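# A structural walkthrough
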Amino acid sequence: MKIMNLSTKSRSEMLDITALVQKSVAENKINKGICVVFVPHTTAAVTINENADPDVPFDILASLEKIIPFHAQYRHAEGNSAAHAKAALLGASQVIPVENGRLVLGTWQAVFFCEFDGPRSRKIFISTIAED
Amino acid sequence: MKIMNLSTKSRSEMLDITALVQKSVAENKINKGICVVFVPHTTAAVTINENADPDVPFDILASLEKIIPFHAQYRHAEGNSAAHAKAALLGASQVIPVENGRLVLGTWQAVFFCEFDGPRSRKIFISTIAED
Amino acid sequence: MKIMNLSTKSRSEMLDITALVQKSVAENKINKGICVVFVPHTTAAVTINENADPDVPFDILASLEKIIPFHAQYRHAEGNSAAHAKAALLGASQVIPVENGRLVLGTWQAVFFCEFDGPRSRKIFISTIAED
């Protein structure tokens, strides 16, 4: 398992980590199997979506903010309940097939670290499992 | 990893792919482990839910449409931002336990390919990892 | 694969199952790899979030109820369509890295069984896959 460090710059942000994950998979020298990207935080998530047009992540973040507004009636005193709920909706991990030592993603797919309570220093864990 | 082709018929649709996934797992001859179903698209997803009553997928799609309407204020010029956001909410993969060469699903569970920007020709990737 | 039994006490509830999952991983004696927690139900889910402050799961459940209300216009005659939709949003599985025979979770992360149509008797399936 590899641990990678990230820095986010905004409260809400989708950061393209595809190259970072790909690099880690290549270093692990597995031929085929799966790669698990895991976010060890409770106000951040990982998702897979399009990064050709930056308006796509913008619209995803805006849609999430519309359904789970940052400012609303919440009990949790830290004021970041919306970030916890968004993290639950998108999920703490993504599983991606690996072939010939590379992630097998669709043409338009990118792996995004999703920050919902930034800016912060964050980590991701990357595990690769061989299919053997 | 196997690649399967699908055709969707509507803009929004949940297509039961349980038998297709089961067939792929059986052909892989692993005894026990996990099966990963991965969708290489950014406006489609994969989920697990009930297919005994077709009103269940109908209500799930209607609930998603209510929270992320297809027609709303989005920046992305292709007009399918809702489909990208729904795909992010449901996720690009599902992981299912395998025992005795078969998916271990609950009584009411079916695996669904979720189309959010159809009709289109689509693919799914199926990986099986032995528990050793 | 281990099968664990749970009892939920409310219609909506997030039950911390971290210790249960950790125990199962420890018994499996894998050194490193991944653990898959799978929920074989269609009105329940599994998620990872904070359990230090019980207001966090409270706010997550309240946010979900706000976007997918239990009482609304649904077709499915059993009256639990909201539970099916919430289960689809949070997902039937979580994948967690394992190192030295232990789950590698972030400081604030706990694994939660999410009941959306309780109280009921429920099961979870736990698979561990070695990285070898």
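In this text, all values refer to a predicted model and were calculated from it rather than measured experimentally. (Residues numbered from 1 in each chain as written. Chains lettered and ligands numbered in written order. Predicted model: local features only at pLDDT ≥ 70, side-chain atom pairs only at ≥ 80, totals over all residues. Heavy atoms only, no water.)

## Section: the relation of the copies chain C and chain A
If you rotate chain C by 120° and push it 0.0 Å along the axis, it lands on chain A with an RMSD of 0.0 Å. The superposition operator between the copies reduces to a three-fold rotation axis. Distance from the rotation axis, computed per C-alpha, reaches its smallest value in chain C at C:Leu89: 3.4 Å. (Least-squares fit on C-alpha atoms with pLDDT ≥ 70 in both.)

## Points about helix H1 (residues 18–28) of chain A
Residues and elements named next belong to chain A. Burial in H1 covers these residues: Thr 18, Val 21, Gln 22, Ser 24 and Val 25. Each buried residue of H1 sits inside an arc of 160° when the element is viewed along its axis, so together they form one side. For H1, the exposed residues lying more than 90 degrees away from the buried face are Ala 19 and Lys 23. Positive backbone phi, approximately 55°, marks Lys 29, located one or two places after H1. (Buried < 20%, exposed > 50% of the residue type's maximum accessible area, 1.4 Å probe, protein only. Helix = DSSP H or I, 4+ residues; strand = E, 2+ residues; numbered from the N terminus. Arc of directions from axis to C-beta.)

## Remarks on the confidence of the model for chain A
Confidence in the prediction for chain A averages 96 pLDDT; 100% of positions are at 70 or higher. Across the assembled chains, the prediction reports ipTM 0.97 with pTM 0.98. (pLDDT = per-residue confidence, 0-100.)

## Quick word on the pattern of salt bridges
In this structure the tally under the stated criterion is 15 salt bridges over all chains. Residues C:Arg122 and C:Glu115 are paired through a salt bridge, measuring 2.8 Å at the closest nitrogen-oxygen approach. Several salt bridges converge on common partners, so that one network encompasses A:Lys2, A:Lys23 and A:Glu27. (Salt bridge = Lys/Arg side-chain N within 4 Å of Asp/Glu carboxyl O.)

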